[in-house]
Amino acid sequence: MTDTGTGKPMALSGHCLCGGVHYRTRSLVRSAGHCHCESCRRAASSPVTTFFTVLREETELGGDSLRYYASSPGVRRGFCGTCGSPMSFETERRANEIDLYVASLDAGLSVTIKEHWHWDEHVDWLTIVDDLPKGEGGA
Ligand SMILES: [Zn+2]
Ligand SMILES: [Zn+2]
C-alpha cells in the first residue's frame, strides 16, 4: 500500500476497544489474510481472524494496558488487559514481522486481503464465497 502522492507507505494505525493499546506502522503491508486456525479462533472467540503483516522495526505497539500471552512455544499474542481486545501476533519463525488485526485499524479497514490461512481448520457453519486462495498452512 502506498500513498500515490509520494510513493511512500501510508502510516496505518489502530487501537483496542477502550483505547488503552494502540499501534502505528510505517511498514509496507507484507501480507494480509483471514486465519482459520483453532488458536486464533479461541484467542479472538471469533470464527475468523483477519491479520495484516508488517515489519516489526517499523511498527510501534504500546499502551499501559498492553499484555502478552504465550499461546505456544515461540509465539506471543498481544492484547489489552483492560478491555480484552486481541491486538497482535508474533512468532520467532518470523522475528522481523508482527501481525496486527485489520479490524482494529483506526480508519478505512483499507488493507487488501489476499488469502485464507489454515483453511483446513475452518468452521463449517460459516459460508465464505470468495476467489481468494485457501491454503492449509499460514501465519
Ligand atoms: Zn483496551
Ligand atoms: Zn491463526
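Residues numbered from 1 in each chain as written. Chains lettered and ligands numbered in written order. Predicted model: local features only at pLDDT ≥ 70, side-chain atom pairs only at ≥ 80, totals over all residues.

Draft legend 1. Quick look at the sheet that holds strand β5 (residues 59-62). One open sheet accounts for three strands, arranged β1-β2-β5; its pairing is antiparallel. The strands lining the two open edges of the sheet, one partner per strand, are β1 (12-15) and β5. If you compare each strand with its neighbour and ignore which way they point, the axes differ by 5° on average. Two elements, β1 and strand β2 (residues 22-25), share four bridges in a ladder whose sense is antiparallel. Residue His15 lies in a different strand from β2, and its bridge partner there is His22. (Pairing = 2+ DSSP bridges. Helix = DSSP H or I, 4+ residues; strand = E, 2+ residues; numbered from the N terminus. Axes fitted to C-alpha atoms, helices over the stretch in contact; angles between N-to-C directions.)

Draft legend 2. Region of the structure containing the sheet that holds strand β10 (residues 115-117). Strand order across the open sheet formed by seven strands is β6-β7-β8-β9-β4-β3-β10, with mixed pairing between neighbours. Of all strands in the sheet, those with a lone pairing partner are β6 (66-72) and β10, marking the two edges. Looking at each pair of strands side by side, their axes are set apart by 30° on average, direction ignored. Taken together, the five bridges between strand β4 (residues 49-55) and strand β9 (residues 97-101) define a ladder with antiparallel strand orientation. Each residue of the ladder has a partner; that of Val54, found in β9, is Ile98.

Draft legend 3. Structural context of the nonpolar core. Phe51, Phe52, Met87 and Leu100 are the most contacted members of the largest nonpolar core, which totals 19 residues. Put simply, the parts of the chain that give this core at least two residues each are β4, β7 (75-80), β8 (86-91) and β9. Aside from chain neighbours lying at most four places away, what touches Met87 is Cys16, Val21, Leu61, Gly78, Phe79, Cys80, Tyr101 and Ser104. (Core = buried A, V, L, I, M, F, W, Y, C linked by C-beta atoms within 7 Å. Buried ≥ 20, exposed ≤ 12 C-beta atoms within 10 Å, placed from the backbone. Contact = placed C-beta atoms within 7 Å.)

Draft legend 4. Quick peek at the pairing of β4. In terms of burial, β4 is largely enclosed, as five of its seven residues are buried. In terms of strand pairing, strand β3 (residues 31-35) meets β4 through five bridges, oriented antiparallel. Across the sheet, the residue bridging to Ser31 is Thr53, located in β4.

Without other data, these values stay purely geometric and don't point to any function.
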